[in-house]
Amino acid sequence: GRQDYWACVFGGMQWLEFGQDWTVRRYEMAVPEWLENGMMLVDVGARSDNRSVADQLNRDNNELLHMVKMLAHRMRWGIETDRGLDFVGACMDYSFAAKVMLTPFMVTEEVGQVYALGKMAGACGGRLMGAGGGGYMLFLCQDDKWDDVYEAMFDHGYRPERVVVDRVGASWVD
């Protein structure tokens, strides 16, 4: 969960590398217009104790942990080389599936339904944000499918929101 604080402080999109000695390397990434325009955030509504989800994480499964890390690198490469929403969305889907295999507590029935609803409505990819068990689902949608996914979510009682990336980060307010 250390990455959450870094994202809030700096804003924009960051690539963070955490060392075992608690060092952090931060690299700013450009947010392509196609990515920002394709992002949709859906409040699933359910919340969980993030510690309980993290405690159930199967850290012994190095193969899955390495897959999640490799998929993060593929997403970064896809964004930096303008591979588009379909490529990055597929990486998100695989990453989400791998994380679900790491802990069954990550996906509640409602989270699974929201994910399936988004995919059936035409989302390129989706994943749960945070430690799991509830919270927010991030979807990537092509321009011609964005409204379809929005309407599907809205029709089922969810409040989908367009994502606008904050490029400033935290600031002092008097």
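Below or above, wherever it landed, is the structure these notes cover. (Residues numbered from 1 in each chain as written. Predicted model: local features only at pLDDT ≥ 70, side-chain atom pairs only at ≥ 80, totals over all residues. Heavy atoms only, no water.)

**Notes on unusual backbone geometry**
Here is step 1: A positive phi angle, near 75 degrees, is found at tryptophan 22, a position not held by glycine.
Here is step 2: Structurally, tryptophan 22 is set in the loop between strand 1 (13-18) and strand 2 (24-29).
Here is step 3: We classify tryptophan 22 as exposed; its relative accessible area is 63%. (Helix = DSSP H or I, 4+ residues; strand = E, 2+ residues; numbered from the N terminus. Buried < 20%, exposed > 50% of the residue type's maximum accessible area, 1.4 Å probe, protein only.)

**Topic: the side chain of glutamine 14**
Here is step 1: Mapping glutamine 14 onto the fold places it in strand 1.
Here is step 2: Given a relative accessible area of 17%, glutamine 14 falls into the buried group.
Here is step 3: Among the polar contacts listed, one links the side chain of glutamine 14 to the backbone oxygen of glycine 11, at a separation of 2.6 Å.
Here is step 4: One polar contact links glutamine 14 to arginine 26, side chain to side chain, over a distance of 2.8 Å.
Here is step 5: When sequence neighbours within four positions are dropped, the list of residues in contact with glutamine 14 reads Arg26, Tyr27, Glu28 and Met29. (Polar contact = N/O pair within 3.5 Å; in protein donor to acceptor, adjacent residues only side chain to side chain. Contact = heavy atoms within 4.5 Å.)

**Comments concerning helix 5 (residues 85-102)**
Here is step 1: With 18 residues, helix 5 should reach 26 Å at 1.5 Å per residue; the first-to-last C-alpha distance of 25 Å fits that figure.
Here is step 2: Looking at the buried side of helix 5, the elements it contacts are helix 2 (33-38), helix 4 (62-80), helix 6 (109-121), strand 4 (125-128) and strand 5 (136-140). (Expected span 1.5 Å × (residues − 1).)

**Considering the pattern of salt bridges**
Here is step 1: Within the structure shown, the criterion is met by 4 salt bridges.
Here is step 2: One salt bridge connects arginine 76 with glutamate 80, and the closest N-O pair in it is separated by 3.1 Å. Of this pair, arginine 76 and glutamate 80 both sit in helix 4, 4 residues apart, which is roughly one turn of the helix. (Salt bridge = Lys/Arg side-chain N within 4 Å of Asp/Glu carboxyl O.)

**Comments concerning the sheet that holds strand 5**
Sheet strands pair by backbone hydrogen bonding; their relative direction is either parallel or antiparallel.
Here is step 1: Taking strand neighbours across the sheet as the criterion, the 4 strands line up as 4-5-3-6 in an open arrangement whose pairing is antiparallel. The sheet is open, and its two borders are formed by strand 4 and strand 6 (160-162), each paired with just one other strand. Between one strand axis and the next, the sheet turns by 25 degrees as a mean value, whatever way the strands run.
Here is step 2: Where strand 3 (residues 39-43) and strand 5 come together, 5 bridges link them in antiparallel fashion. Bridging across to strand 5, aspartate 43 finds its partner in tyrosine 136.
Here is step 3: Running over the sheet, helix 5 touches strand 4 and strand 5 and is turned about 35 degrees from strand 4. (Pairing = 2+ DSSP bridges. Axes fitted to C-alpha atoms, helices over the stretch in contact; angles between N-to-C directions.)

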